[in-house]
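# Overview (structure and organization)
This is what each chain is made of:
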Amino acid sequence: MYVILVYDVGEKRVGKMLKLCRRYLHWIQNSVFEGEITEVKLKELISRTRLIMEPAEDSVLVFKNRDEKWLEKEIVGQEKNTLDNFL
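Computed from a predicted model, the values in this text were never measured in an experiment. The residue numbers shown here count from 1 along each chain, following its written sequence. It should be noted that, the model being predicted, local features are given only for residues of pLDDT at least 70 and side-chain atom pairs only at 80 or more, the latter also being counted only at that level, while totals for whole chains, interfaces and linings use all residues. Only hydrogens and water are removed before side-chain values are computed, so all heavy atoms of the structure are retained for them.

Bringing the overall build of the protein chain into the picture now. Looking only at helices and strands, the protein chain features two helices and four strands. Numbered from the N terminus, helices here are DSSP runs of H or I no shorter than four residues, and strands are runs of E no shorter than two. Listing every helix and strand of the protein chain by position from the N terminus yields β-α-β-β-α-β. A 1.4 Å probe rolled over the protein chains alone gives each residue an accessible area, and that area as a share of the maximum for its type sets the label: buried under 20%, exposed over 50%, partly exposed in between. A total of 87 residues make up the protein chain; the buried ones form 28% of that total. Contacts are residue-level and defined by heavy atoms, with any inter-residue pair within 4.5 Å sufficient. Long-range pairs, those at least 24 residues apart, make up 70% of the contacts in the protein chain with a sequence separation of at least 6. Values of accessible area rely on a 1.4 Å probe in the Shrake-Rupley scheme; residue burial ignores everything except the protein chains shown. As displayed, the protein chain offers around 6,700 Å² of accessible surface, 50% of which is attributable to carbon and sulfur atoms.

Structure, rendered in structure tokens:
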């Protein structure tokens, strides 16, 4: 499945959340990640985010889609990070 993950966590936890999300998805811009992920890996990622975040203060949003081709993305302004993959 294709997901977009957005997090808003306290300043002390940002570094840990960034490292965690980069292990599973592609960084797009500040606190935003996207990419293909299996259901099992997504559950693992969400479980690990709960260990980092403070539920009363922080939030993580996950938008799911079956396939990237069903998602239209428009970039307005500066693109922070392209998803170019070099082989």
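Now, onward.
Turning our eyes to something else, we now look at unusual backbone geometry. Positive phi is not limited to glycine here, since Ser 31 has a value of about 65 degrees. Checked against the element boundaries, Ser 31 lands in the loop between β2 (26-29) and β3 (32-36). We classify Ser 31 as partly exposed; its relative accessible area is 21%.

With that out of the way, let us pick up the pairing of strand β1 (residues 2-8). Strand pairing follows a simple DSSP-based rule, namely that at least 2 bridges must link the two strands. Across five bridges, the pairing between β1 and β3 is antiparallel. Among the inter-strand pairings, Ile 4 is bridged to a residue of β3, identified as Glu 34. Alignment of β1 against strand β4 (residues 59-65), held across seven bridges, turns out to be antiparallel. Bridging across to β4, Tyr 2 finds its partner in Asn 65.

Attention now moves to the packing of aromatic side chains. Pairing of aromatic rings covers Phe, Tyr and Trp, the last counted by its six-membered ring, and requires centre-to-centre distances within 6.5 Å; plane angles under 30 degrees mean stacked, over 60 mean edge-to-face, and any other angle means tilted. Enumeration over the complete set of coordinates arrives at one aromatic pair. Taking 6.0 Å as the distance between ring centres and 20 degrees as the angle between the ring planes, the aromatic pair formed by Tyr 7 and Phe 33 counts as stacked. Residue Tyr 7 is located in strand β1, and its partner Phe 33 is located in strand β3; the two are separated by 26 residues in the primary sequence. In this pair, the class of Tyr 7 matches that of Phe 33, namely buried. One residue, Arg 22, lies across the ring of Trp 27, its end atom 5.6 Å from the ring centre. The rule for a charge over a ring is simple: NZ of Lys or CZ of Arg within 6 Å of the ring centre, and within 35 degrees of the ring normal.

Once that is clear, we can look at the sheet that holds β1. Strand order across the open sheet formed by four strands is β2-β3-β1-β4, with antiparallel pairing between neighbours. Of all the strands in the sheet, just β2 and β4 have a single pairing partner and so form its edges. The mean inter-strand angle of the sheet, taken between neighbouring strand axes irrespective of direction, is 25 degrees. Strand direction decides the pairing type here: β2 and β3, joined by three bridges, are antiparallel. Residue Gln 29 lies in a different strand from β3, and its bridge partner there is Val 32. Angles here are taken between N-to-C directions and fall from 0 to 180 degrees, while the axes themselves are lines fitted to C-alpha atoms, restricted in helices to the stretch in contact. Here helix α1 (residues 14-24) sits on the sheet in contact with β1, β2, β3 and β4, set at roughly 175 degrees to β1. Lying over the sheet, helix α2 (residues 39-52) contacts β1 and β4, oriented at roughly 170 degrees with respect to β4.

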